[in-house]
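Given next are the chains, with one letter for each unit.
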Amino acid sequence: MHKAVTLVVTGLTAAVLGMLSLAGLAAATTATEEEAVSKAEELVEKAKQANEPDPYTPAIYGSR
Amino acid sequence: MVRDRLLLYGVAAVVTAIVLAPLAAPGYVLRYDMVFVPRQPLTWDLVAPAQGLPRAVPMDAVVSVLTQLVPGWVVQRIALGGAVLLAAVGAGRLVPTERAGVRLLAAVGYAWTPYLAERLLIGQWGLLVCYAALPWLVRAVLELRAGRAGAVARVLLAAAPAAITPTGGLIAFGVVSLLAPRRGRWRGSTVAVVGVALLNAPWVTAALVTDAGGTSDPAGVAAFAARGENWAGPLAALAGTGGIWSAQATPASRGLPLVPLVTLVLLALAAAGFGLLRRRTSPDVSARLLVLAGVGFLLAALGTAPGAADVLRWAVAQLPGAGLLRDGQKFLAPYALLLVVCVALGAERLVTRVERMNREVAGVVLGGALLLPVAAMPDLAFGGAGRLWPVSYPADWQVVAGRLAADPGGEVLALPLSGYRAYPWNDGRTVLDPAPRYLPATVLVDDTLRVGDVAVTGENPRLREIRHLLGAGRPAAETGVRWVLVQRHRVDQVDPATLTGLEPVHQGAFLALYRNPAVPPSPVLAAPARWVVVVALAIAVVVVIAALFRRYAGVLLRGNLRSEVQTLEDWHA
């Protein structure tokens, strides 16, 4: 009984922590800095082709 | 005891290494407000800005002095590494407990908060220094309240690094003036409060003598208000110590729907731990810590509450210095510290209860609580999942700095007009223009902050005049600057007509320097008001030296390193 409780609690703790960290890592890898930069470059390129001003000029401090 | 302390330092070192791993590569991490350069000149504009607000006073002066001795990349690593390491150790040592595991929990928890992650990712390392100093400061103030010998010196030595930025200085002043006073022990607390006030003197005097006024654009209140990171909104984000205004400085994991539940678990543990804190310190101390954390939380939440935001907008536009409150999330540091300490004590209560039934399960629960902050925000590891990465400055920067050093005098105008740049050599990461810190001259960089599609106007009157002239299509030569630096990180950004009448001095791949022949070199004359800032700096340095002397002179004079306990015993004998 004692061992079983230990195993169950350990398993649950590992599952919760594992789930949280996997979800966090998945979120981080789907919103990487590189992706943001390449997106920004795409926008700049599009603006150039459309003869519009560079949307990232001057560089913005950030967005909400 | 020694083993426990070594374990604490060891765990703190591991956490620091995990968070800052990319800094093992050579170069400079340049991201948002984090700018380090190889050798920062000690210019008047860095010591006492004449036309801007003193947001980096005395931090810039300290870095300028340090980089005369060691390269900027070393200073950057010491500052960041020291901040994370000492934050962890400080929190671990602050918790009133006998259990090593609980101390480790506090250490890991305080070094892995969303607050630390977000301020690191926006590059505000000066604020992180304050965050790291905070647990040491609280501990020193508690010693002062307890009447320990040398506690005033400890308070001042812990407050000094915090006061390298105005926000940090204010937080330190708030901590000392709220926690230190105790009936019957006025002398020590008065000396400590006055001492910390003197440590704040450099930025206060710089704010008084600058031509920038002191009021700010109220548009900044909405732009820099705390931001909701997921479905639970900004207050829940603040409750979890996150909620910075910038989406780019927020770890992606903070957007997960489960995060508010993790915050709820932490708050429940903290509520359970507060009772233990009350018993182990005193009702008075715990109540004051609660007030301190509550004030920090309220300041952080000010910009999000409709009525309060209106008042803040009015204050920022009308009251000099109120602009400090517009990015209120900065003031969450005392809340973060109390939360972490109470969570650790709450975990101790839980573990003690579980231990009576099953020791192994208790160990698993403690380990789980220790790893919870890491599991909930794994993307702080490895420099925020690779967001902090060192790069090298192109050789152009050194060449331009050399040209300006060889022909000193006159202002440098940085074009295109923008305070922040996204250089290709920095992988497109946005960073505050390094020119004012790299170049040995007064560099005029636009101080308008663009947050999304909102432009928050800066305070510098000289820049306002230049923006107006260039906006009217006048050439840069008419602005009265002697040099124009064109940063060619994106092509075709500067209208050739703007450069009419200027002589090219250097044409590099990334930088072009032009001289304005209409403006002769002029020596930098320091207005007497700027000397007042130097005097304030000197007073702050004297306070630190006096505290160092008081703290360590006895040890040095006796020629041995007796333990603090022995020193205290001698004092009481």
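Residues numbered from 1 in each chain as written. Chains lettered and ligands numbered in written order. Predicted model: local features only at pLDDT ≥ 70, side-chain atom pairs only at ≥ 80, totals over all residues. Heavy atoms only, no water.

(A) Local environment of the side chain of Q124(B). Considering the arrangement of structural elements, one finds Q124(B) in the loop between α6 (114–121) and α7 (125–145). Not counting residues up to four positions away in its chain, the partners in contact with Q124(B) are Y61(A), D33(B), R119(B), D327(B) and K330(B). (Helix = DSSP H or I, 4+ residues; strand = E, 2+ residues; numbered from the N terminus. Contact = heavy atoms within 4.5 Å.)

(B) Main features of the pairing of strand β10 (residues 503–507) of chain B. Residue and element names in this part refer to chain B. The pairing of β10 with strand β11 (residues 511–515) spans four bridges and is classified as antiparallel. Considered in β11, the bridge of H506 is made with L513. Counted between consecutive antiparallel strands, the loop separating β10 from β11 contains three residues. (Pairing = 2+ DSSP bridges.)

(C) Structural context of a nonpolar patch on the surface. Together, M19(A), L258(B), L261(B), L264(B) and L267(B) line one region of the surface with nonpolar side chains, adding up to about 440 Å² of accessible area. Looking at L264(B), the relative accessible area reads 54%, which means it is exposed. (Patch = residues over 30% accessible without salt bridge, like charges linked within 9 Å, V, L, I, M, F, W, Y side chains within 5 Å. Areas by Shrake-Rupley, 256 points an atom, 1.4 Å probe, with all protein chains shown as cover. Salt bridge = Lys/Arg side-chain N within 4 Å of Asp/Glu carboxyl O. Buried < 20%, exposed > 50% of the residue type's maximum accessible area, 1.4 Å probe, protein only.)

(D) Quick peek at a positive patch on the surface. Taken together, the side chains of R279(B), R349(B), R353(B) and R356(B) define a basic patch exposed on the protein surface. Along the chain, R349(B) turns up in helix α17 (residues 333–355). (Lys, Arg positive; Asp, Glu negative; His and termini not counted. Charge placed at Lys NZ, Arg CZ, Asp CG, Glu CD.)

(E) Fine view of the packing of aromatic side chains. Applying the stated criterion across every chain yields a total of 18 aromatic pairs over all chains. On the numbers, 4.9 Å between centres and 55° between planes, the contact of Y61(A) with W245(B) is tilted. Placement of the pair is Y61(A) in the segment after α2 (33–49) and W245(B) in the loop between α13 (233–239) and α14 (259–280), with the two residues belonging to separate chains. Assigned by exposure class, Y61(A) and W245(B) land together as buried. (Phe/Tyr/Trp six-rings, centres within 6.5 Å; stacked < 30°, edge-to-face > 60°.)

(F) Structural context of the environment of T10(A). Checked against the element boundaries, T10(A) lands in helix α1 (residues 2–30). Reaching out from T10(A), the side chain makes a polar contact with the backbone oxygen of T6(A) at a distance of 2.6 Å. (Polar contact = N/O pair within 3.5 Å; in protein donor to acceptor, adjacent residues only side chain to side chain.)

(G) A look at helix α15 (residues 283–301) of chain B. Residues and elements named next belong to chain B. Between the first and last C-alpha of α15 there are 26 Å, a value that for 19 residues agrees with the 27 Å anticipated at 1.5 Å per step. Of all the residues in α15, the buried ones are V285, S286, L289, L292, A293, G296, A300 and A301. The arc enclosing the buried residues of α15, seen along the axis, measures out at 165°, which places them on a common side. For α15, the elements touching its buried residues are α7, α9 (166–179), α13, α14 and α17. (Expected span 1.5 Å × (residues − 1). Arc of directions from axis to C-beta.)

(H) Broad picture of the sheet that holds β11(B). All names here are of chain B. Pairing is mixed across the open sheet formed by five strands, whose spatial order is β6-β3-β9-β11-β10. Two strands lie at the open edges of the sheet, namely β6 (442–444) and β10, each paired on one side alone. Strand-to-strand twist in this sheet, taken as the mean axis angle between neighbours without regard to direction, amounts to 25°. Sheet analysis places strand β3 (residues 411–415) next to β6, joined by three bridges and oriented parallel. The residue bridging V412 from the neighbouring strand is V443, located in β6. Strands in contact with helix α22 (residues 461–471) are β3 and β6; relative to β3, the strand with the most contacts, it is inclined by about 55°. (Axes fitted to C-alpha atoms, helices over the stretch in contact; angles between N-to-C directions.)

(I) Just unusual backbone geometry, in detail. All names here are of chain B. Each neighbour pair has its own omega, and for V57 with P58 the value is 0°, a cis peptide bond. With respect to the helices and strands, P58 occurs in the loop between α2 (44–47) and α3 (59–69). Here the bond from L415 into P416 is cis, since omega is -5°, no more than 30 degrees from zero. The backbone of Y32 sits at a positive phi, close to 45°, despite the residue not being glycine. For Y32, the position within the fold is in the loop between β1 (28–29) and α2. With relative accessibility at 7%, the residue Y32 sits in the buried group. Here T241, not a glycine, exhibits a phi torsion of approximately 75°, which is positive. Among the structural elements, T241 can be located in the loop between α13 and α14.

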